[in-house]
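Each chain, letter by letter, is given below.
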Amino acid sequence: MAINMESSWADQLAEEMSKPYFKDLQSFINTEYNSNQIFPPKEYLFNAFEKCPFNRVKVVILGQDPYHEPGQAHGLCFSVPDGIPFPPSLRNIFKELNNDLNIVIPQSGNLERWALQGVFLLNATLTVRAHQAGSHQKKGWEQFTDQVIRKLSESSTNLVFILWGAYAQRKEVLIDNAKHLIIKSVHPSPLSAHRGFFNNHQFSMANHYLIAHNNEAIKW
């Protein structure tokens, strides 16, 4: 498992990546890529870290697993590459952006444009087997990404953490709510979105907080 990670993240996480559990995780992931179809492709494994350096993070959106169907996952949670049809959750995210900020639903589901503005799109588990949701959970990724969240909470101020659904909301204990804004709602999945994801103005709320703390708003 090649760790192609932007330098500020590599500095922050060097100690974590030297721990025995992470070495075991690397070995497991290398075996998986060699013997199964794994998403995202290797070159996109740390894409969230590459596109959004540690010292530029303004907003954190936390997902659970990468998409597990061909062509969808590229290392940014909820995002798909250009030309790929929107998965249902992403379709609902864009629908709420339209409700909240009157943003026209885009042609592409590639959220790299968000990452480049400081939106850190982190999945708690960074890899998955094709067609097998959750297949790489409890292998070590969660321990690693929990530390990523702690680092952001401890080393930064006035970030916005957006936690969608029960899984993401369990990560709230890692975040200092005296220093940061935590926005919670149900998951944008069609199974739950109608129970509180729509019309809660979370994107405008995030921007108002950033502006109030002398930061630039996100062009969602």
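Check the entry above for the structure.
A. Structural context of the overall build of the protein. Counting its regular elements, the protein contains 8 helices and 6 strands. Secondary structure elements of the protein, listed N to C terminal, follow the sequence α-α-β-α-β-α-α-β-β-α-β-α-β-α. For a compact globule of 220 residues, the expected C-alpha radius of gyration is about 17 Å, and the protein comes in at 17 Å, within 12% of that figure. In terms of its C-alpha atoms, the protein occupies a principal-axis envelope of roughly 45 × 35 × 25 Å. Evaluated residue by residue, the protein yields a buried proportion of 53% over its 220 residues. Element-wise, carbon and sulfur atoms account for 48% of the exposed surface of the protein, whose accessible area totals about 10000 Å². Charged side chains of the protein number 20 positive and 20 negative; the gap between the two group centres comes to 4 Å.

B. Expanded view of the packing of helix α1 (residues 7–17) against helix α6 (residues 141–155). Two elements in contact, α1 and α6, have axes separated by 11 Å at closest approach and are oriented at 130°. Accordingly, the angle class assigned to the pair α1 and α6 is oblique. Between α1 and α6 lies a crossing of right-handed hand. In this structure, α1 contributes Trp-9, Gln-12, Leu-13, Glu-16 and Met-17 to the contact, and α6 contributes Gln-143, Phe-144, Gln-147, Val-148, Lys-151, Leu-152 and Ser-155.

Calculation criteria
- Residues numbered from 1 in each chain as written.
- Predicted model: local features only at pLDDT ≥ 70, side-chain atom pairs only at ≥ 80, totals over all residues.
- Heavy atoms only, no water.
- Helix = DSSP H or I, 4+ residues; strand = E, 2+ residues; numbered from the N terminus.
- Rg over C-alpha atoms; globule rule 2.2 N^0.38 Å.
- Buried < 20%, exposed > 50% of the residue type's maximum accessible area, 1.4 Å probe, protein only.
- Areas by Shrake-Rupley, 256 points an atom, 1.4 Å probe, with all protein chains shown as cover.
- Lys, Arg positive; Asp, Glu negative; His and termini not counted.
- Charge placed at Lys NZ, Arg CZ, Asp CG, Glu CD.
- Axes fitted to C-alpha atoms, helices over the stretch in contact; angles between N-to-C directions.
- Parallel < 35°, antiparallel > 145°, perpendicular 65-115°, else oblique.
- Left-handed = near helix turned anticlockwise from the far one by under 90°.
- Contact = heavy atoms within 4.5 Å.

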